[in-house]
Amino acid sequence: MHLFLFLLLKIIYFTSLFPYLILLVLLVKGCTLPGALSGIQFYLKPNITQLARAEVWVHAASQVCYSYAICFACLITYGSYSDFNSNCYKRTFYLSAACSGTSFIAGFSVFAVLGNMAQVMGVDVKDVVKSGPGLAFLTYPNALSLMPAPQFWNACFFLMLILLAVDSQFCALEGLLCVFCDKFDWARKNRELFVGVICGTMFLFGLLFVTPGGIYIFEIFNTYAVGGITLLWLVLWQSIAIGWVYGSRRYYYIVEKMIGYLPSPYMDVCFRFVTPAATIFVLVFYFFDYEPLTVDGYEYPLWANMFGWVLCMSSFLCVPGWAIFEMYRGKGSLAERYHNACKSRISVPEFSTKKTMIVLSSSHPTPLI
């Protein structure tokens, strides 16, 4: 068992760090190509008119969730293995800076190569840029094929994609398994069998995406089930749960017990106001500007969009459904049931109502990092 954990640790280190090496190599090589500057300029110059499209806001919010692994249970799962007094506040900023920096730098490596492709083909950069899976599996590989030794560069690129996928699955799957193993004794006692069943089931479902029409099935799941408004909906309720239901003041009190000082009041503003307001704005904007799913000029039929909304509701209804279930199984009056449902199920330091003020000036230092 110890040997397995040792090997798993080495694999995770390799799959986490090696893509950065390939990304750096592609960045340096891409920036030396003719036309790279035009691609980078296209990357850095925003098109303000696109902000009038709800789809752009949804995609941007989804990218933030994917980049930081928000609402995928990964952060909560791995955080649960830390000691109580570990400085989660500092690590949050380190993680945010690393994720943002990676995405920003990756943009240079992508658009530098696309700029070269546009120059070779004699077209504008906007004519070769394609969003979605087409960018990773069609456009970018085609751009790499125009470079010297294209086999080598494409091999490096797809090796990076494979390692990123494996590393992401390590994290995402562990988040899912932790939920069941912590809740059910059978899953915890038969972890190997349970992991095999979960992975086998996911593999069988994944075969749908590699069929001749798999890309269209993938787009339904990517648009309705695991991205876009589904993630925004979960982000909204997570912020409300921390900021208003559990209480940001109680949350600050617990964090102070962990790290020894109060976090910045900016976090409280985000929990209670900024994040809920931003997500509600995007959700309302999306519903008013909604259009049926279209991929490469193909408009999905009504039944396909309805199936997508069923997938979407499978995530949407979890939050109110569980809230109703908690209220139903509670005892006492409606107010008492609500109060009991909002109580923490884990052991935390007792909250003192005398220490509930979150102020800009405090006797405790509030370092950012």
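Just above sits the structure.
All residue numbers refer to position in the chain's written sequence, counted from 1. It should be noted that, the model being predicted, local features are given only for residues of pLDDT at least 70 and side-chain atom pairs only at 80 or more, the latter also being counted only at that level, while totals for whole chains, interfaces and linings use all residues. In computing side-chain values, all of the structure's heavy atoms are included and hydrogens and water are not.

Caption draft 1: Examining the overall build of the protein chain more closely. Under the DSSP-based scheme used, a helix requires at least four consecutive residues in state H or I and a strand at least two consecutive residues in state E, with every element numbered from the N terminus. Scanning the protein chain from N- to C-terminus turns up 15 helices and two strands. In terms of its C-alpha atoms, the protein chain occupies a principal-axis envelope of roughly 70 × 55 × 50 Å. Burial statistics for the protein chain: of 369 residues in total, 31% are counted as buried. Note on contacts: a residue pair qualifies if any of its non-hydrogen atoms lie within 4.5 Å across the two residues. Within the protein chain, contacts between residues separated by at least 24 positions form 72% of all contacts whose residues are at least 6 apart in sequence. Using a 1.4 Å probe, the Shrake-Rupley method yields the accessible areas, and only the shown protein chains count as cover for residues. As presented, the protein chain carries roughly 23100 Å² of accessible surface, and 71% of it is formed by carbon and sulfur atoms. Asp and Glu count as negative and Lys and Arg as positive, but His and the ends of the chain are not part of the count. Taken as the charge centre is NZ of Lys, CZ of Arg, CG of Asp or CD of Glu, depending on the residue. Counting 23 positive and 19 negative side-chain charges, the protein chain places the centres of these two groups 11 Å from one another. For each residue, the accessible area found with a 1.4 Å probe, counting protein chains only, is set against the maximum for its type, and the residue is called buried under 20%, exposed over 50%, and partly exposed in between.

Caption draft 2: A look at the packing of helix H10 (residues 214–225) against helix H13 (residues 302–316). At their nearest, the axes of H10 and H13 sit 8 Å apart, and the two run at 45° to each other. Taken together, the axes of H10 and H13 lie oblique to each other. The handedness of the crossing between H10 and H13 is right-handed. Where H10 abuts H13, its residues Ile220, Phe221, Tyr224 and Ala225 lie against Ala304, Asn305, Phe307, Gly308, Trp309, Leu311, Cys312 and Ser315. Under the convention adopted here, Pro, Cys and the residues Ala, Val, Leu, Ile, Met, Phe, Trp and Tyr are nonpolar, Asp, Glu, Lys and Arg are charged, and Gly plus all remaining residues are polar. Residues belonging to the contact of H10 with H13 are distributed by class as follows: nine nonpolar, three polar and no charged. Fitting a line to C-alpha atoms yields each axis, with helices limited to the stretch in contact; the angle taken between N-to-C directions then spans 0 to 180 degrees. When an angle is under 35 degrees it counts as roughly parallel; over 145 it counts as roughly antiparallel; between 65 and 115 it counts as roughly perpendicular; any other value is oblique. By definition, turning the near helix anticlockwise from the far helix through less than a right angle yields a left-handed crossing, and turning it clockwise yields a right-handed one.

Caption draft 3: Focus on unusual backbone geometry. We note that Ala69 has phi near 60°; this positive angle belongs to a residue other than glycine. Relative to the assigned elements, Ala69 resides in the loop between helix H3 (54–68) and helix H4 (74–80). In this structure, Cys71 takes a positive phi of about 70° despite not being glycine. Inspection of the secondary structure puts Cys71 in the loop between H3 and H4.

Caption draft 4: Quick look at the side chain of Ser315. Within the secondary structure, Ser315 is located in helix H13. We classify Ser315 as buried; its relative accessible area is 18%. Contacts of Ser315, omitting those with residues within four sequence positions, involve Ala225, Thr230, Trp233 and Leu234.

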